[in-house]
Amino acid sequence: MPGYPTKAFPPIVAAVDLKAAIAQKAAELGFAATGFTRATLPPEKLAYLQEFLQSGQHGSMGWMETRVEQRAHPQALWPEAISVISLGFSYAPGADALANLTRKDVGNISVYARNRDYHDVIKGKLKHLAQFIAARGEGVKVFVDTAPVMEKPLAEQAGLGWQGKHTNLVSRSHGSWLFLGEIYTTLALEPDAPERDHCGTCTACQTACPTQAFPEPYKLDARRCISYLTIEHAGPIAEEFRLYIGNRIYGCDDCLAVCPWNKFAQAGREQKLAAREDLTAPPLVELALLDEAAFRQKFTASPIKRIGRNRFIRNVAIAIGNSGNPSLLPIAERLTADADPVVAEAGAWAVKRLHGRQ
Ligand code: SF4
Ligand code: SF4
């Protein structure tokens, strides 16, 4: 917040070759992009976050309202932090990310969730890199998505890319497909130049959004976003969005996939994140049969496990309803008797829709 007592940046003590050595080590660990910035953010970032929260556009993600000061001020999270090393890890798909959307029998899982939980994969690599720095007697802390850290503004400031009109980071080299991680350190490293906005007159992401979740460029109303609705939102999904969800059963990639900067992205190479065969185009009928134990077994180590069986099967039921595939009627009818009332209601909706009454 304005007036937060940001520490004076000490003289740069770390030589340029140490930055090069860190970047080299990061590349060896598989990171596609590395940038360096100071452990501060300008007051506008806090204002942006506050406006987003006050408008209620974060929906039920109440955790965003906590530790706001720590989000907006890296040194409020860790007072010893002097520099932030921002790291991008590519998960660019090797094939068309939206290929499933026209298939009536399968569900579509967001590209990032088709194998292991990226938090686990990236955190391990960040810890390796942090050890490399700590061996020089410096303090380090690593973060991947879950801590109160404004990852995208820090990445932009560190020169990795810019926050595009879809609000995610876009890189001129890697498109919209970067996982972000950070190392906060006590090292005084020379900051890199920030990246500037290269969206220009493009509006592809806004046009592609099925639910018109962008009230204006660079602003996202999460309450309308299919990623939020299928992952974060508990309980029934409002009927006004169900048709637009189509067969997206976990997340949505539409705005990312249409970004023209993706043409420069090379396919991600981490095997632990490469799409599992059974999650590339999973048959809806098989997913709908998962009970609690089978769900847990199938999604062990997957990010999908976090939302739990019932929320996932709710999404599957909506996709079945949207399939227009009468052969899925028996499975929809079966879901109407599910022990979970939200799943049962979604199953009933699917039955009505398959009968053409929705
Ligand atoms: S993820 Fe999908 S629903 Fe959400 S903003 Fe992007 S295109 Fe729209
Ligand atoms: S699709 Fe176009 S407007 Fe959207 S982030 Fe990419 S370049 Fe920017």
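**Remarks on the overall build of the protein chain**
In step 1: Check the secondary structure of the protein chain and you find 16 helices and eight strands.
In step 2: The C-alpha radius of gyration of the protein chain comes to 22 Å, within 12% of the 21 Å expected for a compact globule of 358 residues.
In step 3: C-alpha atoms of the protein chain, sized along the principal axes, occupy 70 × 40 × 40 Å.
In step 4: Within the protein chain, residue pairs in contact and separated by at least 24 positions form 76% of the contacts whose partners lie at least 6 positions apart.
In step 5: Carbon and sulfur atoms provide 52% of the accessible area of the protein chain, an area that totals close to 15,800 Å².
In step 6: Of the charged side chains in the protein chain, 40 are positive and 37 negative; the average position of the first set lies 2 Å away from that of the second.

**Regarding the site of ligand 2**
In step 1: Inspection of the region around ligand 2 gives Gly164, Lys165, His166, Val170, Cys199, Cys202, Ala204, Cys205, Cys259, Pro260 and Trp261 as its neighbouring residues.
In step 2: Split by residue class, the shell around ligand 2 holds eight nonpolar, two polar and one charged.
In step 3: Residues lining the shell around ligand 2 come from more than one domain, with at least three contributed by each of domain 1 (16-95 + 116-185) and domain 2 (204-267 + 275-354).

**Section: the domain arrangement of the protein chain**
In step 1: Examined at the domain level, the protein chain breaks down into domain 1 (16-95 + 116-185) and domain 2 (204-267 + 275-354).
In step 2: Each of domain 1 and domain 2 has a C-alpha centre, and these two points are 28 Å apart.
In step 3: Of the residues lining the interface, 33 residues belong to domain 1; the matching set on domain 2 comes to 28 residues.
In step 4: Across the domain 1/domain 2 interface, buried area totals approximately 2,400 Å², and carbon plus sulfur atoms make up 61% of it.

**Quick word on the site of ligand 1**
In step 1: Contacts to ligand 1 come from Cys209, Pro210, Thr211, Ala213, Phe214, Leu220, Cys225, Ile226, Ser227, Cys252, Asp254 and Cys255.
In step 2: Secondary structure elements with two or more residues in the shell around ligand 1: helix 8 (226-232) and helix 10 (254-257).
In step 3: Looking at the shell around ligand 1 residue by residue, the classes come out as nine nonpolar, two polar and one charged.

**Examining the packing of aromatic side chains**
Two aromatic rings are characterised by how far apart their centres lie and by the angle between their planes.
In step 1: Enumeration according to the criterion identifies 13 aromatic pairs in this entry.
In step 2: Between the aromatic rings of Tyr112 and Tyr118, the centroid separation amounts to 6.0 Å while the plane-to-plane angle is 85°, which identifies the pairing as edge-to-face.
In step 3: On the numbers, 4.7 Å between centres and 65° between planes, the contact of Phe143 with Tyr184 is edge-to-face. Here Tyr184 lies in strand 7 (residues 178-185) and Phe143 lies in strand 4 (residues 140-143), a separation of 41 residues in the sequence.
In step 4: Exposure remark for Tyr184: the relative accessible area of 0% places this residue in the buried category.
In step 5: Here a set of aromatic residues connected by ring pairs shows up, and it is made of Tyr91, Tyr112, Tyr118, Trp177, Phe179 and Tyr250.
In step 6: We note Arg136 situated over the ring of Phe132; from NZ or CZ to the ring centre the distance is 4.3 Å.
In step 7: Its end group placed over the ring of Trp78, Lys141 keeps NZ or CZ at 5.1 Å from the ring centre.

**Quick look at the environment of Arg296**
In step 1: By the element assignment, Arg296 lies in helix 13 (residues 292-298).
In step 2: Residue classification places Arg296 among the partly exposed residues on the basis of a relative accessible area of 47%.

**Focus on unusual backbone geometry**
In step 1: The phi dihedral of Tyr218 is positive, around 70°, even though this residue is not glycine.
In step 2: Looking at the secondary structure, you find Tyr218 in the loop between helix 7 (204-208) and helix 8.
In step 3: Among the residues examined, Tyr218 registers a relative accessible area of 28% and is labelled partly exposed.
In step 4: Backbone geometry at Ala301 places phi at a positive 70°, although glycine is not the residue there.
In step 5: Mapped onto the fold, Ala301 is located in the loop between helix 13 and helix 14 (308-322).
In step 6: Classification of Ala301 by relative accessible area gives partly exposed; the value is 30%.

**Remarks on helix 16 (residues 341-354)**
In step 1: For helix 16, spanning 14 residues, the distance from its first C-alpha to its last is 20 Å, which sits close to the expected 20 Å at 1.5 Å a residue.
In step 2: When helix 16 is considered as a whole, its buried residues turn out to be Val343, Ala344, Ala346, Gly347, Trp349, Ala350, Val351 and Leu354.
In step 3: Looking at the packing, one finds that the buried side of helix 16 touches helix 9 (239-245), helix 14 and helix 15 (329-335).
In step 4: The distance from a side-chain oxygen at the start of helix 16 to the backbone nitrogen of Val342 is 3.1 Å, and the residue carrying that oxygen is Asp340.
In step 5: Just past helix 16, the residue Gly356 takes up positive phi, approximately 80°.

**Some details on the pattern of salt bridges**
In step 1: The tally for this structure, following the rule as stated, stands at 13 salt bridges.
In step 2: For Arg103, the salt bridge is made with Asp105, and the minimal N-O distance between the two is 3.8 Å.
In step 3: The closest approach of N and O atoms between Lys298 and Asp278, which form a salt bridge, is 2.9 Å. Taken together, the positions of Lys298 in helix 13 and Asp278 in helix 11 (residues 277-280) put the pair 20 residues apart, joining distant regions of the chain.
In step 4: You can call Asp278 partly exposed: its relative accessible area is 33%.
In step 5: Residues joined in a network through salt bridges with shared partners are Arg276, Asp278 and Lys298.

Rules of the game
- Residues numbered from 1 in each chain as written.
- Chains lettered and ligands numbered in written order.
- Predicted model: local features only at pLDDT ≥ 70, side-chain atom pairs only at ≥ 80, totals over all residues.
- Heavy atoms only, no water.
- Helix = DSSP H or I, 4+ residues; strand = E, 2+ residues; numbered from the N terminus.
- Rg over C-alpha atoms; globule rule 2.2 N^0.38 Å.
- Contact = heavy atoms within 4.5 Å.
- Areas by Shrake-Rupley, 256 points an atom, 1.4 Å probe, with all protein chains shown as cover.
- Lys, Arg positive; Asp, Glu negative; His and termini not counted.
- Charge placed at Lys NZ, Arg CZ, Asp CG, Glu CD.
- Near = heavy atom within 4 Å.
- Nonpolar A, V, L, I, M, F, W, Y, C, P; charged D, E, K, R; others polar.
- Domains from an automatic or database assignment.
- Buried area = accessible area lost by both parts, 1.4 Å probe.
- Phe/Tyr/Trp six-rings, centres within 6.5 Å; stacked < 30°, edge-to-face > 60°.
- Buried < 20%, exposed > 50% of the residue type's maximum accessible area, 1.4 Å probe, protein only.
- Lys NZ or Arg CZ within 6 Å of the ring centre and 35° of its normal.
- Expected span 1.5 Å × (residues − 1).
- Polar contact = N/O pair within 3.5 Å; in protein donor to acceptor, adjacent residues only side chain to side chain.
- Salt bridge = Lys/Arg side-chain N within 4 Å of Asp/Glu carboxyl O.

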